[in-house]
Amino acid sequence: MRRGPEYRARTPQRFALRDLGAHTHNPGLLLTGQDVASAGVSGAILGGGVAASAALERDALEDLETG
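Residues numbered from 1 in each chain as written. Predicted model: local features only at pLDDT ≥ 70, side-chain atom pairs only at ≥ 80, totals over all residues. Heavy atoms only, no water.

**Student:** Is there a simple way to explain helix α3 (residues 40–56) in this structure?
**Tutor:** Structural remark: α-helix, 3.6 residues per turn; residues separated by three or four positions point the same way. Look at α3: 24 Å from first C-alpha to last across 17 residues, which is about the 24 Å you get at 1.5 Å a residue. At its buried positions, α3 is contacted by α2 (34–37) and α4 (61–66). Two residues or fewer past α3, E57 is found with a positive phi of approximately 55°. (Helix = DSSP H or I, 4+ residues; strand = E, 2+ residues; numbered from the N terminus. Expected span 1.5 Å × (residues − 1). Contact = heavy atoms within 4.5 Å.)

**Student:** Can you walk me through the environment of G48 in this structure?
**Tutor:** Inspection of the secondary structure assignment puts G48 in helix α3. Placed 26 residues apart in sequence, G48 and A22 show a C-alpha to C-alpha distance of 8.9 Å. Not counting residues up to four positions away in its chain, the partners in contact with G48 are T32 and G33.

Take a look at the structure:
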């Protein structure tokens, strides 16, 4: 399997990284996608929610529960 330069193995150590999240060192630049929260399609969906929460400065994932 080919691995790009940003490939990170899915290990417990990877998910213990404090760098995981939407915020970056560049003000106003947020990340989204599977590497923000978890791996795979569900991780990508959750990563979108994490990025939306960071952009809105509130828990956007809570909106999914309340409709």
